[in-house]
Amino acid sequence: MHKLYFNMCSLLRKHLHWNLPKLVCPRHTSIYTQRLLSVVTPDIIVPRKMKGRFASEEQKRIITELVIKSSSSIIDWDALKSSVLSINRGYINEKNINGCILDECSQQKRLDLVKSFMKYVKQCSHGKPNLALELLYIRSCYKSKNELTDKDQYEIQTNCQSLFKNNLHLLNSVLLEGIVMGICCTPLWRDSLKFIKESKVEDNITLNTFVSVILRAFEEGEIDLGWTTVQNMFNLHRIIPLEIVTAWFNLCEKNVNTSHFRVLEFLRDNEYIIRDNLAELIRSKLNKSGIKTTTTMIYHNNGKCKNCNQVLEHAEVTNSDFKILRERFLSNVMIGKNIFNNSSPQELNDFKDFIEITAPYDVVVDGLNLAYAYRGKIGDHSLTKIVMKNFIEKKLKVLLIGRKHLVKMLGKEFDFIKKNAHIFFTNDLSKDDPFVLYAAMYSGIDTKILTRDLMRGHKYLLGDAIIKSIFQKWLQKHRLGLRLRAGNEVIIKEPITYLQATQESANGIWHMPYQEFKEHGSWSKPDSSPDKWMCIQM
């Protein structure tokens, strides 16, 4: 619960290269510990000696219990701190106790206690808390922004303006986030745009910074500003938080000039497949507004919806489209600075020379991706060998790309693959998926690839929406899939021909794909195709 304060301190030290000043809050040692305990937690007897986790839990319990049970903002903060610090060997100490108390007040959304404790801290530190505590106070106010008085808002906006002005030369994304969250609680919320622009950290703006601006823009009915910021957020973080969609639907209920379908249009334009928690939120809001939604399935062989019999858009890529895509990929992904973050110019040149000599190929295989996708799910032989043997028996020219340690994973089976296919291994620290895409695109429009990777990062690097859309269609139309059957039978699935993205048909029916939520560490489908579809009709 208190990690936010600690992380904020460490990040500020890292980026600003200075130690945060300690709060001058003297510990009142003249008061007996036993009396302090009776003041704060009257019926609790604390053992004299505690170690590690038990001591920390007891410290936390004392703070939490007081915050929850207090019916007044008038609290003896000195007594609380002394009581907590009397327990030795816990993680709360003289340096971080102020942050821990303030954070607990924030977590419980006790704005009255947040303001009371901050007033106390300022008295102890002669009106100047440390920077991390100021940011935590602003975040705490943001959590309870609907309870802020005009006086509170004026104090926050003055504080935020001062923080930005005095720390502009040292500003980082953490400090900017706190300032933007604070200013978005006030009538001067549009200043957040100026702060972001002048901060010079556009490529490192946090998700919370964007969300704060978007929520306030929608709240104020600033539709174009809100959606422009949503797009900027998505371009950087590749995610749409639930609270953003909720805020938009809330605006639609109040403003007849807004449309629920704006969310679907955004998903369509960005070809983004959402998770089922967001899909269910969309379903609930659409149903509430009188729009019919039905969970359906799409037949793979013809792209027809089981519910409405509508055929989905075909993922078609023309020769001219492919030529544009290949040129953009080579310049933005392979030749640009991005590839060298995990590779070297020499390795890239060696690979290009290799491709020029051996291409074109019928199939390019992402070896490491394939090896890990079904690791431990095939009997005595590796999936890589089974798949490669399948291609080789069909007289296909195959290129296997992987990292050098894949040789050890394959063991003796590597000899068979080496004799019957082309192989290129990158260094173990290199990212091999750009090499897979390069080999496939160099070989021509008919070459297919075998990978479970959706290549979203490389799609983002391509730049404008039109090129990204071409890439999405090309990848989908040329990406092979796998299916395992009983008896270790491996089926190589041909690419799905219909576009797996949110789309609207000519008659106004929408189809939206979405994925089931996967718990961390759980196994997901290696073909990464959408788990479900939603058919949406007026």
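Treat the numbers as computed from the prediction; the structure is a model and nothing was measured.

Engineer: Can you walk me through the overall build of the protein chain in this structure?
Structural biologist: Across its full length, the protein chain carries 24 helices and 11 strands. Of the contacts formed within the protein chain by residues at least 6 apart in sequence, a portion of 71% connects residues at least 24 apart. Surface accessibility of the protein chain: about 26,800 Å² in total, with carbon and sulfur atoms responsible for 50%.

Engineer: Before we go on, may I ask you to explain the nonpolar core in this structure?
Structural biologist: Among soluble globular proteins, nonpolar side chains are generally buried collectively. Membership of the largest hydrophobic core comes to 88 residues, with the highest contact counts inside it found for Leu 267, Ile 282 and Met 512. Leu 267 has contacts with Ile 240, Tyr 272, Ile 274, Ile 282, Thr 502 and Met 512, leaving out every residue within four places of it along the chain. Counting residues in hydrophobic clusters, the runner-up holds 28 residues, among them Val 317, Phe 322, Phe 354 and Ala 440.

Engineer: Looking at this structure, how should I read the sheet that holds strand β8 (residues 489–493)?
Structural biologist: Sheet strands line up and pair through hydrogen bonds in the backbone, either parallel or antiparallel. One open sheet accounts for 6 strands, arranged β5-β4-β3-β6-β7-β8; its pairing is mixed. The open sheet has two free edges, formed respectively by β5 (422–426) and β8, since each of these has just one partner strand. Each neighbouring strand pair of the sheet contributes to a mean axis angle of 25 degrees, computed without reference to strand direction. In terms of strand pairing, strand β7 (residues 479–485) meets β8 through 5 bridges, oriented antiparallel. Across the sheet, the residue bridging to Leu 484 is Val 490, located in β8. Sitting on the sheet, helix α19 (residues 383–393) is in contact with β3 (363–366), β4 (398–403), β6 (448–450), β7 and β8, with an inclination near 60 degrees to β8. Each of β6 and β7 touches helix α24 (residues 465–478); the most contacted strand, β7, lies at about 40 degrees to it.

Engineer: Would you explain the side chain of Lys 473 in this entry?
Structural biologist: Its location among the elements puts Lys 473 in helix α24. Other than its neighbours up to four places away in sequence, Lys 473 contacts Glu 313, Ala 315, Glu 316, Val 317 and Leu 499.

Engineer: Explanation requested: unusual backbone geometry in the structure shown.
Structural biologist: Note on backbone geometry: most residues besides glycine have negative phi, and most peptide bonds are trans. The amide bond that connects Ala 359 to the next residue, Pro 360, takes the cis arrangement and shows omega of 5 degrees. Note that Pro 360 resides in the loop between α17 (345–358) and β3. The backbone of Arg 238 sits at a positive phi, close to 55 degrees, despite the residue not being glycine. With respect to the helices and strands, Arg 238 occurs in the loop between α12 (223–237) and α13 (242–254). Note on Arg 238: relative accessible area 26%, which makes it partly exposed.

Engineer: Would you mind going over helix α7 (residues 131–143) with me for this structure?
Structural biologist: One full turn of an α-helix is made of 3.6 residues, so residues set three or four places apart face in the same direction. When the terminal C-alpha atoms of α7 are compared, their 19 Å separation across 13 residues agrees well with the 18 Å that a helix rising 1.5 Å per residue should span. The opening residue of α7, the one whose side-chain oxygen lies 3.2 Å from the backbone nitrogen of Ala 132, is Asn 130.

Engineer: Where do I start with the packing of aromatic side chains in this structure?
Structural biologist: We describe a pair of aromatic rings using the distance from one ring centre to the other and the angle between the two ring planes. Going through the model one piece at a time under the given rule, you end up with 20 aromatic pairs. With a centroid separation of 5.5 Å and an interplanar angle of 85 degrees, the aromatic rings of Phe 234 and Phe 266 are classed as edge-to-face. With a gap of 32 residues between them, Phe 234 in helix α12 and Phe 266 in helix α14 (residues 261–270) connect regions that are remote in the sequence. This pair shows no difference in class: Phe 234 is buried, exactly as Phe 266 is. Taking 6.2 Å as the distance between ring centres and 15 degrees as the angle between the ring planes, the aromatic pair formed by Phe 261 and Trp 510 counts as stacked. Taken together, the positions of Phe 261 in helix α14 and Trp 510 in strand β10 (residues 510–515) put the pair 249 residues apart, joining distant regions of the chain. The burial state of Phe 261 is the same as that of Trp 510; both residues are buried. Here the aromatic residues Phe 218, Trp 227, Phe 234, Trp 248, Phe 266 and Tyr 272 are joined through ring pairs into a cluster of three or more. Positioned above the aromatic ring of Phe 54 is the side chain of Arg 53, whose terminal nitrogen or guanidinium carbon lies 4.7 Å from the ring centre.

Engineer: Explain the packing of α7 against helix α9 (residues 173–183) here, please?
Structural biologist: Two packed helices can be described by the angle between their axes and the distance between those axes. For the pair α7 and α9, the least separation of the axes is 9 Å and the interaxial angle reads 40 degrees. When the axis of α7 is compared with that of α9, the two are oblique. Classified by chirality, the crossing of α9 by α7 is left-handed. Facing α7, whose interface residues are Leu 131, Leu 135, Ile 138, Arg 139 and Tyr 142, α9 presents Val 174, Leu 175, Glu 177, Gly 178, Met 181 and Gly 182. Of the residues in the contact of α7 with α9, the class split is 7 nonpolar, 2 polar and 2 charged.

Engineer: So what exactly am I meant to see when it comes to the side chain of Glu 271 here?
Structural biologist: Position of Glu 271 relative to the elements: it lies in the loop between α14 and β1 (274–275). One polar contact links Glu 271 to Ser 469, side chain to side chain, over a distance of 3.1 Å.

Engineer: Even after reading the chapter, I still don't get the confidence of the model for the protein chain, so can you show me in this structure?
Structural biologist: Predicted coordinates in regions of low pLDDT should not be interpreted in detail. Confidence along the protein chain averages 82 in pLDDT terms, with 80% of residues attaining 70 or more. Of all secondary-structure elements in the protein chain, the lowest mean pLDDT belongs to helix α2 (residues 33–40), at 35, while helix α11 (residues 207–219) reaches the highest, 97. A low-confidence stretch, residues 14–48 stays under pLDDT 50, and its non-local contacts, those more than four residues away or across chains, total 57 contacts. pLDDT under 50 marks residues 520–527. Its contacts with residues more than four places away, or in other chains, come to 14 contacts.

Engineer: So what exactly am I meant to see when it comes to the pattern of salt bridges here?
Structural biologist: Pairs may arise between side chains of opposite charge once their charged atoms sit close together. Following the criterion strictly, the structure yields 17 salt bridges and no others. With a shortest N-O distance of 2.5 Å, Lys 448 and Glu 494 are connected by a salt bridge. Linking Lys 448 in strand β6 with Glu 494 in the loop between β8 and β9 (503–504), this pair joins segments that are 46 residues apart in sequence. You can call Glu 494 exposed: its relative accessible area is 52%. The network of salt bridges with shared partners includes Glu 58, Arg 61, Glu 65 and Lys 69.

Basis of the calculations
- Residues numbered from 1 in each chain as written.
- Predicted model: local features only at pLDDT ≥ 70, side-chain atom pairs only at ≥ 80, totals over all residues.
- Heavy atoms only, no water.
- Helix = DSSP H or I, 4+ residues; strand = E, 2+ residues; numbered from the N terminus.
- Contact = heavy atoms within 4.5 Å.
- Areas by Shrake-Rupley, 256 points an atom, 1.4 Å probe, with all protein chains shown as cover.
- Core = buried A, V, L, I, M, F, W, Y, C linked by side-chain atoms within 4.5 Å.
- Buried < 20%, exposed > 50% of the residue type's maximum accessible area, 1.4 Å probe, protein only.
- Pairing = 2+ DSSP bridges.
- Axes fitted to C-alpha atoms, helices over the stretch in contact; angles between N-to-C directions.
- Expected span 1.5 Å × (residues − 1).
- Polar contact = N/O pair within 3.5 Å; in protein donor to acceptor, adjacent residues only side chain to side chain.
- Phe/Tyr/Trp six-rings, centres within 6.5 Å; stacked < 30°, edge-to-face > 60°.
- Lys NZ or Arg CZ within 6 Å of the ring centre and 35° of its normal.
- Parallel < 35°, antiparallel > 145°, perpendicular 65-115°, else oblique.
- Left-handed = near helix turned anticlockwise from the far one by under 90°.
- Nonpolar A, V, L, I, M, F, W, Y, C, P; charged D, E, K, R; others polar.
- pLDDT = per-residue confidence, 0-100.
- Salt bridge = Lys/Arg side-chain N within 4 Å of Asp/Glu carboxyl O.

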